[in-house]
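Spelled out from the first residue to the last, the chains are:
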Amino acid sequence: MRVVIQEDYNKMCKWAANYIAAKINGHKEARPFVLGLPTGSSPIGVYQELVRMNKAGEVSFANVVTFNMDEYVGLPHEHDQSYWYFMHDNFFDHLVDMKPENINILNGMAEDPEEECRRYEEKIASYGGIDLFMGGIGVDGHLAFNEPFTSLTSRTGLRALTTDTRIVNSRFFGNDPEKVPAFALSVGIGTVTDSKEVLVLISGHNKARALAKSVEGNVSQKWTCSALQMHNGAIIACDEDACGELTVDTYKYFKDIEKAERL
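As a starting point, this report considers the structure included with it. (Residues numbered from 1 in each chain as written. Predicted model: local features only at pLDDT ≥ 70, side-chain atom pairs only at ≥ 80, totals over all residues. Heavy atoms only, no water.)

## A word on the pattern of salt bridges
At step 1: Per the counting criterion, the structure on display carries 14 salt bridges.
At step 2: Here R31 ties to D131 by a salt bridge, and the two come within 2.6 Å at their closest N and O atoms. Of the two residues, R31 is situated in the loop between α1 (9-25) and β2 (33-37) and D131 in the loop between α4 (113-126) and β6 (132-136); the sequence distance between them amounts to 100 residues.
At step 3: The structure contains a network of salt bridges with shared partners spanning E29, R31, D131 and K196. (Salt bridge = Lys/Arg side-chain N within 4 Å of Asp/Glu carboxyl O. Helix = DSSP H or I, 4+ residues; strand = E, 2+ residues; numbered from the N terminus.)

Next up, the structure:
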């Protein structure tokens, strides 16, 4: 695992955007570069920087296929809290060369959710898998909507959301947890860790415990983010505020390693 510690949220997002752009630009295969994407507050700064780079001609999305992590069940595309809406409003609609047919987001209105999830997994496989999956984690360490005690080998499927998750997300629904959908469609932990690389963003004091569990804790279904420890291409990009519960030795180790990488 690689842990890249940046001074603040903005620098973390710029580092992550530069990393993703470099991977896209360095992709020499005829097949598209396949990029996994999250929603939520963590990636917004990354999306803003990637849009800037795209408009400046520093990175092209013409040969990029995207797969999003999750979608609420029961929200149509036009609902302003659907993840389809979020992705277009914050990212896709601002790119100059993103092809609509290359955008893949789970359909929360599907008549048969299980079939929708099976189809999603098959479509990922049809492209040869995901090259880089960017993600964020919740305060309880959940990755996508894989709440605590979700199997670390899980695949895309229907997920029940915990009360804690609905309370946290209620800020987008008039601060009423009852208005937050109780279910979502989500890629599995196994889906994410099958990717060639996984880049997880962790920022803020409230994510400090989750970062410590991801890096220093035991691999456990209780903290689904801990599955990153078993991935050969896992990278965590974090800010200083999120490092509050790392041991001093761990913090110094990763700072030293990244300093050496830059030399």
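## Examining the sheet that holds strand β4 (residues 70-72)
At step 1: On the basis of which strands lie adjacent, the open sheet formed by 3 strands has the order β4-β8-β7 and antiparallel pairing. Each end of this open sheet is capped by a strand with a single partner; those strands are β4 and β7 (157-160). When the angles between neighbouring strand axes are averaged without regard to direction, this sheet yields 30°.
At step 2: Bridging between β4 and strand β8 (residues 183-186) involves 3 bridges; their strand directions are antiparallel. When the sheet's bridge partners are listed, D70 is paired in β8 with S186. (Pairing = 2+ DSSP bridges. Axes fitted to C-alpha atoms, helices over the stretch in contact; angles between N-to-C directions.)

## Remarks on the nonpolar core
At step 1: Ranked by internal contacts, the top residues of the largest apolar core, which has 37 residues, are V200, I202, L211, I236 and C238.
At step 2: Secondary-structure elements contributing two or more residues to this core are β1 (2-6), β3 (64-68), α4, α6 (189-193), β9 (197-202), α7 (208-215) and β10 (234-239).
At step 3: In terms of residue count, the dominant contributor to this core is α7 (4 residues).
At step 4: Among all residues touching L211, those that are not within four sequence positions of it are I202, I236, C238, A242, C243 and L246.
At step 5: In this structure, V4, F61, M98 and L132 belong to the second largest nonpolar core, which totals 35 residues. (Core = buried A, V, L, I, M, F, W, Y, C linked by side-chain atoms within 4.5 Å. Buried < 20%, exposed > 50% of the residue type's maximum accessible area, 1.4 Å probe, protein only. Contact = heavy atoms within 4.5 Å.)

## Details of the layout of surface pockets
At step 1: Approximately 740 Å³ is the volume attributed to the largest pocket.
At step 2: Forming the walls of the largest pocket are 35 residues, and the residues nearest its centre are T39, G40, S41, N169 and R171.
At step 3: When contributions to the lining of the largest pocket are tallied by element, the ones reaching two or more residues are β4, α3 (83-90) and α5 (163-169).
At step 4: Computed from the structure, the second largest pocket encloses a volume of approximately 160 Å³.
At step 5: Surrounding the second largest pocket, H77, W84, H88, F92, D93, M98, P100, I103, N104, I105 and N107 form its lining.
At step 6: Those elements giving two or more residues to the lining of the second largest pocket turn out to be α3 and β5 (103-104). (1 Å grid on protein atoms, 1.4 Å probe; cavity = no way out; pocket = protein on both sides within 12 Å on 5 of 7 lines; lining within 4 Å. Points joined across faces, edges and corners; volume = space filled by probe spheres on them.)

## Observations regarding the packing of α1 against helix α2 (residues 44-55)
At step 1: Following both chains from N to C, one finds α1 and α2 inclined at 50°, their axes separated by 8 Å at the closest point. Compared by their axis directions, α1 and α2 come out oblique. Considering the relative orientation of α1 and α2, their crossing is right-handed. Listed contacts from α2 to Y9, C13, K14, A16, A17, N18, I20 and A21 of α1 are I44, G45, V46, E49, L50 and M53.
At step 2: Taken together, the residues of the contact of α1 with α2 sort by class into 10 nonpolar, 2 polar and 2 charged. (Parallel < 35°, antiparallel > 145°, perpendicular 65-115°, else oblique. Left-handed = near helix turned anticlockwise from the far one by under 90°. Nonpolar A, V, L, I, M, F, W, Y, C, P; charged D, E, K, R; others polar.)

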